[in-house]
Amino acid sequence: MREIVVLGIGLHPFGRFPDKSVIELAHEAILNALRDSSVAFKEVEAAYLGAELANFPDSRMAVQQFGWTGIPITSIQQACASSSAAFREAFLSVAAGRFDMALVAGFEKMDKGLLQAGDPARDKEFHLHYMGLDVTPSRVALAMRRRMETYGDTPETFAIEAVQASEYGALNQYAHYREPHSLEEVLKSPTVCAPLTLYMCCPTSDGASAVVICSKRKARQYGLRRAVTVSGYAAGSPDCSDLIGGPGCHIGGDFKSGNLTRRLSREAYDMAGIGPEEVDVLQCHAPFAGAGAICLESLGFCQEGEGGALWQRGETRINGKIPTNTDGGLLSRGHPLGATGLAEIAEVVRQLRGEAGQLQVPDGPRVGLAHNTGLGCLNMHVFKK
Amino acid sequence: MEEANDLKKMVPLQEGLFTPPEPDPGASHLLGSRCRECGSIFFPTRIYCGRCCTTTVETLALSRRGKLFSYSLNQRKGKLALVDVPYVEAEVELPEGVHVFTVLTVRSPEGLHLGMDMELVIEKVAEDNAGNDVVAYKFRPAS
């Protein structure tokens, strides 16, 4: 496979934008990515888009508003991991030599409140909606309760993730939530699913994200100084070891055991020729406080049960051992499903370029990991400067 | 009224999740699938073994009792849910090794501790247009 680089990144701020269409959100993110990479839209040879709630006509218009150049446009729906899946497919196509340059974008406009995955009118599996078994934070809360019993974690152990997220979100101009919260404020916010409180749950958001990728050879004409190499990836769905928790065992993502993350991270590390100890900055998919601890363990940054301690000791802060979710993560940056995967990738790129401002990880990080899970799926990518 | 009650039936919310609730819902079992090849057991039932990917599965009645693996107190519910908040969602581990996500009949986590014995309950969750009781499975602390 050819070497592939990220040439440019762009975001539309995450938050609530009732007056903007999803096409307008995507416009700003794509325009920013094109400008950041000094690429004209006419040079784009293929577009890959990720959205869960938006549909193909939205994706087509998001691209064609820049011009009708006749390129292939591929829209991928993969729950919370839609745009990392779009990135993966773009990466593989360019790496295989089919195109030299591709645009990837993710976008979403969302309603407030709980998500409903699946429809009982279409699949009888979803009788669980009637039974009250479809509350995503509840499934994560079950995992948290288990950790409290098994490892001695406490609500404070989990809440510290939300405190750090709010601190970093306040410094990120693209974040949905810009207000720092104290530990006490996080714990005293209304209960959603005990032990999870409101501030320990990610918001549903509007937002858009985009990147331009191209072959390293082609990238030379734009200058490689800010280019970041895509050096590994892994993708998959849970195997049978995760099927024992039915019904609806896919609800709640990979937070029951971290099995999927554990399995795929080895593949991604192997392809990139690294181990977890070489990762300088991590964006992990942690929509609920406590999920970050499970991610650190299953990604190999510590032993089982030690994830909470890493957060508590501040090892996840920008000057810590494994800086994690340096832009506020899903908890504060927000979670417009289709835009999240590329926002993680954009943040890794920003960090590896040394352009993260007040949130910059010190001493020139060289290796970054973006980990994006959706309901029953996962994509992760390793980047090197 | 007596007559109406006699005609009233118990209708499962979803066919195939548990053995018929009549005449005695207290004798109902959840239904799972066991693979004859690899021994894996699943709940709910499956057509194909999740591990072997073959149709070598047979239906079996799962134990009515299990252990509380975890629980959560929910102050929010989905749009379609036939429960009132707050309610307790739980994960119960059956002796067969199968985990079941379920709502508990108790409305507060007071007195719950992981590992405690739980038992299956078939309980009314709604009424259908014909006046029948629509029933689903829940669990409660075992007596």
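Counting of residues starts from 1 at the beginning of each chain's written sequence and follows it residue by residue. Here the convention is simple: chains get letters from A, ligands get numbers from 1, in the order in which they are written. Note on the predicted model: pLDDT of at least 70 is required for a residue's local features to be given, and 80 or more for side-chain atom pairs to be given and counted; whole-chain, interface and lining totals, by contrast, use all residues. The basis for every side-chain value is the complete set of heavy atoms in the structure, and neither hydrogens nor water enter the calculation.

Colleague: Now, about the interface of chain B and chain A: what can you tell me, with residues and values included?
Modeller: Here a residue-residue contact requires only that any non-hydrogen atoms of the pair lie within 4.5 Å. Each side of the interface is counted separately: chain B has 37 residues, and chain A has 33 residues. Summing the contributions of chain B and of chain A, the shared interface buries around 3200 Å²; its carbon and sulfur component is 61%. Among the residues of chain B in contact with chain A, Arg76, Leu80 and Phe101 of chain B are the three that bury the most area, contributing 21% of the side total. A carboxyl oxygen of Asp or Glu within 4 Å of a side-chain nitrogen of Lys or Arg is what we treat as a salt bridge. Counting every contact that joins chain B to chain A gives two salt bridges. When the shortest N-O distance is used, the salt bridge between Glu89 of chain B and Arg139 of chain A registers 2.8 Å. Within 3.5 Å is the distance limit for a polar contact, defined as a pair of N or O atoms, with the added protein rule that one can donate a hydrogen and the other accept it, and that residues adjacent in sequence qualify only through two side-chain atoms. Between chain B and chain A we count 12 residue pairs in polar contact (both at pLDDT 80 or more) in total. Put simply, the parts of the chain that give the side of chain B that touches chain A at least two residues each are β5 (65-74), β6 (87-93), β7 (99-103) and β9 (133-141) of chain B. The secondary structure listing takes helices from DSSP runs of H or I that are at least 4 residues long and strands from runs of E that are at least 2 residues long, numbered from the N terminus. At six residues, β5 of chain B tops the list of elements feeding residues into the side of chain B that touches chain A. In this classification, Asp, Glu, Lys and Arg are treated as charged, Ala, Val, Leu, Ile, Met, Phe, Trp, Tyr, Cys and Pro as nonpolar, and every other residue, Gly included, as polar. Residues that form the side of chain B that touches chain A fall into these classes: 21 nonpolar, nine polar and seven charged. Take the accessible area each of two parts loses on contact, using a 1.4 Å probe, and add the two losses: that sum is the buried area.

Colleague: How would you sum up the pairing of strand β12 (residues 377-384) of chain A? Please name residues and give values.
Modeller: The cut-offs for exposure are 20% and 50% of the maximum accessible area for each residue type, with area from a 1.4 Å probe on protein chains only; residues under the lower value are buried, those over the upper are exposed, and the others partly exposed. Buried residues dominate β12 of chain A, accounting for seven of its eight residues. Where strand β11 (residues 367-374) of chain A folds back on β12 of chain A, the antiparallel hairpin that results is connected by two residues, among which Gly376 of chain A adopts a positive phi of roughly 75 degrees. Strands were regarded as paired on the criterion that DSSP finds at least two bridges between them.

Colleague: Which residues make up the pattern of salt bridges, and what are the values?
Modeller: Residues and elements named next belong to chain A. All told, the structure shown has 29 salt bridges over all chains when counted by the stated rule. We note a salt bridge from Arg2 to Asp100, for which the minimum N-O separation is 3.0 Å. With Arg2 in the segment before β1 (4-15) and Asp100 in the loop between α3 (82-95) and β4 (101-108), this residue pair connects regions lying 98 residues apart in the sequence. Two residues, Arg317 and Glu167, come together in a salt bridge whose shortest N-O distance is 2.7 Å. Pair noted here: Arg317 is in the loop between α10 (307-312) and α11 (329-333) and Glu167 is in helix α5 (residues 155-170), with a separation of 150 residues, a long-range link. Assessed through its relative accessible area of 28%, Arg317 is described here as partly exposed. The class for Glu167 is partly exposed, based on a relative accessible area of 29%. Here the salt bridges share partners, and the residues they tie into one network are Asp36, Arg226, Arg353 and Glu355.

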